[in-house]
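Architecture and fold: a report
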Amino acid sequence: MATLVIANLLIPAAVLTFAAGFFPYKPFLPGLAEHDVSERGEMPPAQFDKVILMVVDALRSDFVFGKSSGFKFTQSLIANGAALPFTAHATSPTVTMPRVKAITTGSIPSFLDVILNFAESDTTSTLAYQDTWLAQIKAKGGNLVMHGDDTWLKLFPETFYRADGTTSFFVSDFTEVDNNVTRHVPDELRANDWNALIMHYLGLDHIGHKAGPLSPNMIPKQQEMDGIVQQIFEAIENDPHLQSTLLVLCGDHGMTDGGNHGGSAPGETSPALVFISPKFKSISTGLDSPVEPHQDFDFYTKVEQSDIVPTIAGLLGLPVSLNNLGVFISELLPLWKNERHHVLLLLNNVWQMHTLVKTAFPHEAYEHPYSQLDCSDPSSSGMKLVCKWRRITDIIRVSDGREPAPPVILPALIDFCKSAQEIMSSTASNYNMAYLLSGIALAFLSVALTTTSARSIIFRLNAASLYFGLVLVLYGILMFASSYVEEEHHFWYWTTCGWIALLCLQTLLGSYIKREGISKTIFKAAALLLFHRLVRAWNQTGQKHSGEPDFVTSFLLPNPHTVWILVGVTYFMLSLSLGSHLCRHIPPTYHVLTHIAAAGIAIPAFIFKLSFTARDAPEIVRPVVGESGMRVLEGLSLVLIARAVFLLCALGTVWVISLEVWGRSPAKRNAPRGVELFDALHAILSIFLITQTRAHNVPLFLLFSLQFLCLRDALGLQSTQTQITISTLLFAHTSFFALGNTNAISSIDLSNAYNGVAGYDVGVVGLLVFLSNWSGPVWWAWGGICLLASQGALFGYLALQTLFIAGSLLAIMVACTALRTHLFIWTVFSPKYLYAMAWSLGWHLLVCCYGLGAIWWAMGVS
Amino acid sequence: MNRHALITEKKGAGPEKSDQKAPPSPAPSPSAPITTLDSGLARIYTHLHPLLVLSLFFFRFQATVEDPVTTLTNGLAPLGILQIIYVVLCLPATGSSTPSSAAKPTPKPSRGKKTQAGKGDGGVAGRTVPAMLSHLLTTLLATPLLTIILILFGAPVTSKLWETLLCAAHMSALAIMPLVYVHGVDEGRWWEVASLMSPVDEVFGAAIGTMVGAWAGAVPIPLDWDREWQKWPVTIVTGAYMGWAVGKLLGGTLLRGKRIDLG
């Protein structure tokens, strides 16, 4: 037992050590860039004194440039030369916070930012102390104004002179979030007190999440955004104080055809970028618009998203931010009539980047421009950059103190910048191998300890433990196949089918010997399989076929009444189940009251679900409750009801436990604390978990309950711990994917993360995110505990589950290490590692071990 | 108790389990494995048959990939005929040589015993009618049942129903038809088969192999190799054929007479 405890303690150690090496915290250069005139000559003159950055969340390139776009005015500007269009390549992870970082600092955010995206208030993610073009404007004494997505306020605390943040709370909100920004536009255009105005519109992203890029709401929203561009452009043309204002219209990321984002599909990584000002007419005669893309979503010239940073810096006459990896967009160079200025602009860019390159790839040639250097065949990426740097210094050297001719030096400057951008963006060199290997070693130690301490269970070669071995080994192998990581649900659906068949055969054998219950066994197995089939048809998951019709989209959502009947039945059954469990300890006269009390927990939870869904997905509530009902539901305070539901669940738990401890009749007091206690707690837990679940997924819990009953029946009294462990593992993983989760960041559901939370609290929100995304596995974990409660022995369960968790972690770690240069490392394997962290730390250690502790306690009390 | 293999000697698990549980009625006495007919032709053809069936399948594999419905439909008749030839030539028809319940199990099947099996079965002509009837019965009853099982195991419902149905038809012709031929409609024998109590022989082994093979055949489908053959139901049918051949071979030789123990 002690060995097993140590093995479990090694799991968090292994997970965290590996993570520290795998997601290195990117060092950044502190301080603000300054332009040293004595060293680097004059600064090229600024072309603009004000900038308006209009970010439209998830503005994919084709939304602006394509033929079916609603941006007709913007397209007319492109055609007459007042707007310069680009497709700005956004690197994965394509979620808002890392993208905003790229747009402001010019650096390529590390994968760690994804985690921080969910723990936004974490101070390590703020950019208040980093060098951004915002900080540069502020350092020059300018004022900044921000309206829109409050991610900006979290990233830049106390930076804005004036701000109105909007939270992206309900994706069903297509209008309020944007009106909240738009209502400030006229005032801001009149005001003369700002130097940078940032607007971040969320409505278009919400439409994407809700109904995809082809939603009927999409074109009107694009027209609305186009109207704002027009409003601003006309103000720039007509208002003297806006005369020299640059408008930048861009998306932070794109979206897939399913309307999601987070990964690295072409749709997600191709947001639009447009520089707009009447001044551009002097350098551009206009481009065709609308146009067809060259391929996928590539319209016009393709640039990196980080290129926005040096470009804005150059246009506003600011030093380039220290950590920038962007390259000045050369299409805008002709704005400066003097070619000397082109060289100066790029020299600033080169100088800033070479400082970064020097820290990453130190080489003496950076300090000694005359040293011997063999550039005939540069092998490493560090050498390549040194040689490109040497080419620049050589050109300067041969020009003998005079300024080199722009056509000679410009290509060398651009070449260095582009290479540095490419090499520095690939983070392959950043892994800390020592940490990676120690993490693997710790995980291996955990597996070894578990195996030795539980060898009597593991090496009992019966069908169940062989099946366990098969599942573990296959799962380990699959972790090396990117397609199977993306389509992991298939594995669990498949193994669960096999397991149900095996259980059926095992039970049949027993029934056959006893010559009874044969047809009952077959019926139960068929029911288990049927429910399993329904569960897996519920939500289409995975990457390959995402967005294809499933039970929810093709049947439930078009029939809102069915959704609510099923949801109502689920709550009713839970209330009934809880009531009956409580009644066991209560005299019959009070049974009706007890059931009413149980309903007292379920009914507020149901009202919360209605009220939440009225805001989250009004289209499935309105047809059921009508307009007046909607008004009532929208009037309720979600935070208060959620808190009431959580409190009632807590009170119910206390009630159940105290009845169990003190309410037993004396005759029964010495009887073992059976499964009933855990079943009653399971009912309360279910109410809590479905509070954290989207309405259309609530009926899944009804199916889980039916499966659980069949399973308990099928396993019977002679079930072994191996059988219970395998069942828990398989059904827990199946439920995870059936609820619509995948191994990609984009599928993390944040909609229930703020239930009952008024402010922002990382701990609480993090816990709620975990519980709402892992609601199915948590439900089944407790189901396993209920099955185990009748067993009285916990060792085998803990041993096998630890073996599975540690074994799968080991496989994932080895896969991530071996494939660290793989094309998909950041899009497939890294997210998988994050999920594995949540499975091992959250699900296994927190939930399952807590449940085991509860059984142990209950046995101790009795 | 530490069992060292899934498959134990016949004397092992079955009776032992019933002893422990002390059932109300005496434990059903296990049947003997099916023995192939004792003729030279039978002994040769039983090994030739899988080669014929597999070559037929792999010969048409490309066509199956290109157009599963047509190819699998056209393949049903040849498969049925081959299976009928196989059972007629090699297997004792139901009732003709049913080893009586009293027959003592043979731990090591000796060739000498086969003479008994060959007797009184009415010759090739007499076995042809039961074989054809078995085939008819299987196609009518087992195919729908297997289709339902395939769907429960994850076959698509809203599309490709024909593919699934044909897959089930091939599986039942491979796995179920010989079982029907040798066991007939004896309910007891069928429960024995369903609960894996039957001793392993080439018919039972082939049936299990088909099922396991079809199940394992689902593994390559989600891989991103983007090959045409990954589409439904090609891998399932392929798995079923290969599993059938392996199961038949092992069941008839190495594992013959042993019993599957899922304890």
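Worth saying up front: this structure is predicted, and the values here are computed from it rather than measured.

The rules behind the values
- Residues numbered from 1 in each chain as written.
- Chains lettered and ligands numbered in written order.
- Predicted model: local features only at pLDDT ≥ 70, side-chain atom pairs only at ≥ 80, totals over all residues.
- Heavy atoms only, no water.
- Helix = DSSP H or I, 4+ residues; strand = E, 2+ residues; numbered from the N terminus.
- Contact = heavy atoms within 4.5 Å.
- Areas by Shrake-Rupley, 256 points an atom, 1.4 Å probe, with all protein chains shown as cover.
- Expected span 1.5 Å × (residues − 1).
- Buried < 20%, exposed > 50% of the residue type's maximum accessible area, 1.4 Å probe, protein only.
- Buried area = accessible area lost by both parts, 1.4 Å probe.
- Salt bridge = Lys/Arg side-chain N within 4 Å of Asp/Glu carboxyl O.
- Polar contact = N/O pair within 3.5 Å; in protein donor to acceptor, adjacent residues only side chain to side chain.
- Nonpolar A, V, L, I, M, F, W, Y, C, P; charged D, E, K, R; others polar.
- UniProt positions renumbered as here; feature names shortened; annotations may be inferred.
- Pairing = 2+ DSSP bridges.
- Axes fitted to C-alpha atoms, helices over the stretch in contact; angles between N-to-C directions.
- 1 Å grid on protein atoms, 1.4 Å probe; cavity = no way out; pocket = protein on both sides within 12 Å on 5 of 7 lines; lining within 4 Å.
- Points joined across faces, edges and corners; volume = space filled by probe spheres on them.

Overview of the overall build of chain B
Looking only at helices and strands, chain B features 10 helices and two strands. Taking contacts inside chain B between residues at least 6 apart in sequence as the whole, the part at least 24 apart equals 81%. When the accessible surface of chain B is totalled, it reaches about 12100 Å², and 70% of it is carbon and sulfur.

So, helix 33 (residues 775-789) of chain A
Because the α-helix completes a turn every 3.6 residues, residues three or four places apart line up on one side. Taking 1.5 Å per residue, 15 residues should reach 21 Å; helix 33 of chain A reaches 21 Å between its end C-alpha atoms and fits that length. Most of helix 33 of chain A is tucked away: 15 of the 15 residues are buried.

Description of the interface of chain B and chain A
Between chain B and chain A, the contact holds 38 residues from the first and 36 residues from the second. Both sides together, the interface formed by chain B and chain A hides about 3200 Å², and carbon and sulfur atoms give 68% of it. Our count for the chain B to chain A interface comes out at zero salt bridges. The interface formed by chain B and chain A contains six residue pairs in polar contact (both at pLDDT 80 or more). Looking at the side of chain B that touches chain A, the elements with two or more residues in it are helix 1 (13-21), helix 6 (123-152), helix 8 (187-194) and helix 9 (202-216) of chain B. Class assignment for the residues of the side of chain B that touches chain A results in 25 nonpolar, eight polar and five charged.

With respect to the UniProt feature "transmembrane region" (unreviewed entry) in chain B
Residue and element names in this part refer to chain B. If you check UniProt for "transmembrane region" (unreviewed entry), the listed places come out as residues 75-94, 136-155, 161-182, 203-223 and 235-255 in our numbering. Spanning residues 75-94, this segment combines 80% helix with 0% strand, and its end C-alpha atoms are found 27 Å apart. Note that residues 203-223 is 67% helix and 0% strand, and that its end C-alpha atoms are spaced 33 Å apart.

A word on the sheet that holds strand 4 (residues 162-166) of chain A
Residue and element names in this part refer to chain A. In spatial order, the strands read 4-3-5-1-6-7-2-8; together these eight strands make up an open sheet with mixed pairing. Strands at the two margins of the open sheet, each flanked by one partner only, are strand 4 and strand 8 (301-304). Going across the sheet, the axis of each strand differs from the next one's by a mean of 20°, ignoring polarity. In terms of strand pairing, strand 2 (residues 83-89) meets strand 8 through four bridges, oriented parallel. Within strand 8, the position partnered with F86 by the bridge is T301. Along the sheet, helix 14 (residues 308-316) makes contact with strand 1 (50-56), strand 6 (245-250), strand 7 (272-276) and strand 8, crossing strand 7 at roughly 5°.

Re the pattern of salt bridges
All names here are of chain A. For the coordinates displayed, the defined rule picks out 26 salt bridges over all chains. Note that E619 and K210 form a salt bridge whose closest N and O atoms lie 3.6 Å from each other. Of this pair, E619 sits in the loop between helix 26 (591-616) and helix 27 (622-635) while K210 is found in helix 11 (residues 203-211), placing the two residues 409 residues apart along the sequence. A relative accessible area of 43% places E619 in the partly exposed class.

Examining empty space enclosed by the protein
Residue and element names in this part refer to chain B. This structure, assessed with the given rule, holds nine cavities of 30 Å³ or more. Lining the largest cavity we find L56, F57, R60, T64, T71, L72, G75, H170 and Y241. Take the lining of the largest cavity: its biggest share by element is three residues, from helix 4 (residues 68-90).

Considerations on the side chain of A:H206
All names here are of chain A. Along the chain, the position of H206 falls in helix 11. A residue is classified by how much of its surface remains accessible, and H206, at 0% relative accessible area, is buried. Beyond its immediate stretch of four places on either side in the chain, H206 contacts S168, F170, V171, D173, F174 and V177.

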